[in-house]
Amino acid sequence: MLFQVFAAVVLAATPLPIADAGKVTWTVQPANASAVDGRRWIERILDPGQQVTEHLAVRNLGTTSAVFALSAADGYLTATGRFNMLSSDKKSTDGGTWIDVQNTITVAPNETRILPFTITVPAGATPGDHPAGIAASVLSSSGTVQIESRVGFRVMLRASGTAQASLAAQGVKARYERSWNPLRSGAIHVTYTVANIGNVRADARASVSVSELFGAHRRDGGAAAGELLPGGNRAADGRIRGVWGLGPVRTTVLLTPAVLGEAGGERRSSRRPPK
């Protein structure tokens, strides 16, 4: 589930309904034509030029009728790894533009309304992931500032074709940390940025190793950066202990993308050494 409170002077092509967001509570979930279907989000693999119909359900949990604005926008991951979609004052250029949904919907207290929306993949869509989000919003005012409150979910769209899972370690820096005890070994602290240079979203796994005159040391890092969308990046680090630092020291970062597939599953992919 996606939730965002966006505070700004909102300039939208379609005026958003004004409401007291503090008194309106609602949910938005994927659905079929008749009911909520239990999916956390919608995930589809589609061919360029293909059009499909999906459904969403808006439930008003409040005690008064409410008018919600409906919108779709490009999706992205925040610096903390949470999924979000572009705010209404920003223009979408990718997956968000593939979704067509009606502008508003009125929902009575304790009522659930189900409505369809269409996804149309452009004929020239490039293979890979084109993340988007869809949400129901209300707007409230505080002086000259308007606060957009919205609830929605991911719409993970993948255009068919060759899926390329590829990660790169960028800006790798290694620093030797001496022990306070001169008779004990120190550690190598490695910092780097994990970048998704492929065309599908992936969970980044890392292994950091150090070799020196006294042998090799290895640290397997599990999830180095978590989920990364194509073109996304996130800082990561590793610390390898037991290093004496006498003579040449070689540090290697090896990244393995676990491809995230339909329904949030994952598929292991071939490893790519860092550049």
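Residues numbered from 1 in each chain as written. Predicted model: local features only at pLDDT ≥ 70, side-chain atom pairs only at ≥ 80, totals over all residues. Heavy atoms only, no water.

Each helix and strand counted, the protein has zero helices and 19 strands in total. Across the 275 residues in the protein, those meeting the buried criterion constitute 45%. Long-range contacts, defined here as pairs at least 24 residues apart, represent 72% of the contacts in the protein between residues at least 6 apart. If you sum the accessible surface of the protein, you get close to 13,700 Å²; carbon and sulfur atoms cover 50% of it. (Helix = DSSP H or I, 4+ residues; strand = E, 2+ residues; numbered from the N terminus. Buried < 20%, exposed > 50% of the residue type's maximum accessible area, 1.4 Å probe, protein only. Contact = heavy atoms within 4.5 Å. Areas by Shrake-Rupley, 256 points an atom, 1.4 Å probe, with all protein chains shown as cover.)

Turning to the pattern of salt bridges, a few remarks are in order. Side-chain pairs of opposite charge can arise whenever the charged atoms involved come near each other. Taken as a whole, this structure holds 11 salt bridges when the rule is applied. A salt bridge links D37 to R39; the shortest N-O distance between them is 2.8 Å. Judged by relative accessible area, D37 falls into the partly exposed class, the value being 30%. A salt bridge links D89 to K90, with the shortest nitrogen-to-oxygen separation between them at 4.0 Å. The exposure class assigned to D89 is partly exposed, which follows from its relative accessible area of 37%. With a relative accessible area of 48%, K90 lands in the partly exposed category. (Salt bridge = Lys/Arg side-chain N within 4 Å of Asp/Glu carboxyl O.)

For the rest of this paragraph, the subject is the nonpolar core. Of all hydrophobic cores here, the largest spans 30 residues; its most connected members are L56, V58, F68, I119 and V155. Going through the elements one at a time, β2 (26-31), β3 (42-46), β4 (51-60), β5 (66-77), β8 (104-107), β9 (112-120), β11 (132-142) and β12 (145-159) are the ones with two or more residues in this core. Among the elements that take part in this core, β12 stands out by supplying five residues, more than any other. If you look at the next biggest cluster of nonpolar residues, it comprises 16 residues, including L167, L228, V243 and L255. (Core = buried A, V, L, I, M, F, W, Y, C linked by side-chain atoms within 4.5 Å.)

By the bridge criterion, nine bridges tie β4 to β9 in an arrangement that is antiparallel. From the neighbouring strand, A57 faces β9, where its bridge partner is I114. Here strand β7 (residues 99-100) pairs with β9 via two bridges, running antiparallel. Following the sheet pairing, D100 is matched in β9 by T118. (Pairing = 2+ DSSP bridges.)

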